[in-house]
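Notes for the structure review
What follows is the residue order along each chain.
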Amino acid sequence: MTSRIIGTGSYLPETVVTNDDLSKIMDTSDEWISSRTGIRERRLVKEETTASMAAEAAKRALENAGVSADEIDLIIVGTITGDYVTPSTACEVQAAIGAEHAVAFDLNAACSGFMFALSSAHAYLQANLAKTALVIGVETLSKIMDWNDRSTCVLFGDGAGAAVVKRDEVGLSGLDIGSDGAKGMVLACPNRTNNNPLVQTDKTLRYTYMDGQEVYKFAVTTVPESIHRAVEQAGLEIPDIKYFALHQANIRIIQSVAKRLRVSVDKFPISLDHCGNISAASVPILLDEMNRKGMLERGDKIVMSGFGGGLTWGTAVLTW
Ligand code: UT7
């Protein structure tokens, strides 16, 4: 027995912000952003919240799976941008969709958030602690960006993706997840600082900091290695894989991973051109787009891989 994805859903905010729109408010250009990253536009929230986007993606995934909210007994949300410290986004989703029988919690693994949530749901399902899980990746990254720092803010967007996961004979067959906390500060966003009667620290709001080149180096070395490990664990070889659904950080990272795996870049579907990097949400949004375009057929072997803050990485091989 393993765990299978039986439905997907996603939600992107209404408001589209193009590279040209950004060039009107900061010193950047469509040429710089698209040539270095492949990103042409992203969606940013106006009315939407992290929980509202997650709940909408969840409803669409339930509909796609033909499963009612009542049947969900586990909700895991990968996010670093919940609306509240507590309640968790997962608890907010539970309330919004009426999944009253679910255990619900969030998990922080940044851009690997969906992959960590999927592997955790898999563990719950295999241990018989749950029967039908909702796994979500969602981010409102626009609220943790420094909009005066053109080297980071142009890369990111907002959105949500979700998958319904159930125990089945076929599904997940290889899993490689890992962390390297020693390198955590190359991509960091501070939380609240101490503010108690004993210690008063600087209350200045701090936003996301990224050493782009270090993250780039980490991604292009770690991701191919992780994919090789997961594919081997699945008893498969790289040519057996129909699609590689990678975290959508940068087209150059994806091209480099394709080259290192000696696989045509055509096997790497893309959503970053219209979404930007949405951290934990990018892999499930991409998977949902592939699903809804009819790209996935029963029996296809798919690799999904997330990587980023922590540093963290997570790769899964699955049979659709
Ligand atoms: O989920 C994981 C998230 N992180 C990533 O995936 C990041 C991985 N890293 C990258 O994708 C790349 O490192 C970046 C796209 C972030 C940056 O590309 P780069 O080729 O490493 O550029 P750079 O940081 O070396 O900057 C080159 C130049 C600099 O100007 P000077 O010093 O050469 O005059 C920057 O000031 O580009 C300048 N620059 C910009 N120019 C126009 C930086 N940001 C911008 C901008 N528009 N938005």
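As the structure is a computational prediction, the values presented were derived from the model and not from experiment.

This part covers the pattern of salt bridges. Evaluation of the coordinates by the stated rule reveals 10 salt bridges. Between Asp168 and Arg4 there is a salt bridge, and its shortest N-O distance comes to 2.8 Å. With Asp168 in strand 7 (residues 158-168) and Arg4 in strand 1 (residues 2-11), this residue pair connects regions lying 164 residues apart in the sequence. According to the relative accessible area criterion, Asp168 is partly exposed, its value standing at 21%. Classification of Arg4 as buried rests on a relative accessible area of 13%. A salt bridge links Arg229 to Asp176; the shortest N-O distance between them is 2.9 Å. Of this pair, Arg229 sits in helix 7 (residues 212-233) while Asp176 is found in strand 8 (residues 172-179), placing the two residues 53 residues apart along the sequence. Classification of Arg229 as partly exposed rests on a relative accessible area of 38%.

Taken in spatial order, the 4 strands of this open sheet run 8-13-12-11, and their pairing is mixed. Two strands in the sheet have a free side with no partner beyond their single neighbour: strand 8 and strand 11 (243-246). Neighbour-to-neighbour, the strand axes of this sheet turn through a mean angle of 10°, independent of strand direction. Both strand 11 and strand 12 (residues 301-308) contribute to a ladder of 4 bridges, which runs parallel.

Here we take up the domain arrangement of the protein chain. Split by domain assignment, the protein chain resolves into domain 1 (2-169) and domain 2 (174-319). Placing the centre of domain 1 and that of domain 2 at their C-alpha centroids yields a distance of 14 Å. At the junction of the two partners, domain 1 supplies 50 residues and domain 2 supplies 45 residues. Across the interface of domain 1 and domain 2, roughly 3,500 Å² is buried in total on both sides, 63% from carbon and sulfur atoms. Our count for the contact surface shared by domain 1 and domain 2 stands at 23 residue pairs in polar contact (both at pLDDT 80 or more). Listing elements by their share of the side of domain 1 that touches domain 2, those giving two or more residues are strand 1, helix 2 (30-37), strand 3 (41-44), helix 3 (50-65), helix 5 (113-126), strand 6 (132-140), helix 6 (150-153) and strand 7. No other element matches the 7 residues that helix 5 contributes to the side of domain 1 that touches domain 2.

A few words now on helix 2. Buried within helix 2 we find Ile33, Ser34 and Thr37. Here the buried residues of helix 2 occupy an arc of 95° about the axis, which is enough to place them on one side. Looking at the buried residues of helix 2, the elements they touch are helix 1 (19-23), strand 3, helix 8 (251-261) and helix 9 (272-275). At the C-terminal side of helix 2, Gly38 shows a positive phi close to 85°.

Turning to unusual backbone geometry, a few remarks are in order. Going from Thr86 to Pro87, the amide bond is cis rather than trans, its omega being 5°. Note that Pro87 resides in the loop between strand 4 (74-78) and helix 4 (89-97). With an omega dihedral of -10°, the bond running from Gly310 to Leu311 counts as a cis peptide bond. The topology assignment puts Leu311 in the loop between strand 12 and strand 13 (312-319). With a phi angle near 45°, Ala110 is a residue other than glycine that sits in the positive phi range. Take Ala110: it is sitting in the loop between strand 5 (103-107) and helix 5. Accessibility expressed as a relative area gives 10% for Ala110, which makes it buried.

To continue, consider the pairing of strand 4. Most of strand 4 is tucked away: 5 of the 5 residues are buried. Taking every second residue as pointing to the same face, both faces of strand 4 are buried, with Leu74, Ile76 and Gly78 on one and Ile75 and Val77 on the other. Bridge analysis of strand 4 against strand 5 gives 5 bridges, and the strand direction is parallel. In the strand pairing of strand 5, Ile76 is matched with Phe105. For the crossover that starts at strand 4, traverses helix 4 and ends in the parallel strand 5, the hand is right-handed. Where strand 4 meets strand 6, 5 bridges bridge the pair, whose relative direction is parallel. Within strand 6, the residue paired with Gly78 across the bridge is Gly137.

Parameters at a glance
Residues numbered from 1 in each chain as written. Predicted model: local features only at pLDDT ≥ 70, side-chain atom pairs only at ≥ 80, totals over all residues. Heavy atoms only, no water. Salt bridge = Lys/Arg side-chain N within 4 Å of Asp/Glu carboxyl O. Helix = DSSP H or I, 4+ residues; strand = E, 2+ residues; numbered from the N terminus. Buried < 20%, exposed > 50% of the residue type's maximum accessible area, 1.4 Å probe, protein only. Pairing = 2+ DSSP bridges. Axes fitted to C-alpha atoms, helices over the stretch in contact; angles between N-to-C directions. Domains from an automatic or database assignment. Contact = heavy atoms within 4.5 Å. Buried area = accessible area lost by both parts, 1.4 Å probe. Polar contact = N/O pair within 3.5 Å; in protein donor to acceptor, adjacent residues only side chain to side chain. Arc of directions from axis to C-beta. Right-handed = clockwise from strand over helix to strand, strands pointing away.

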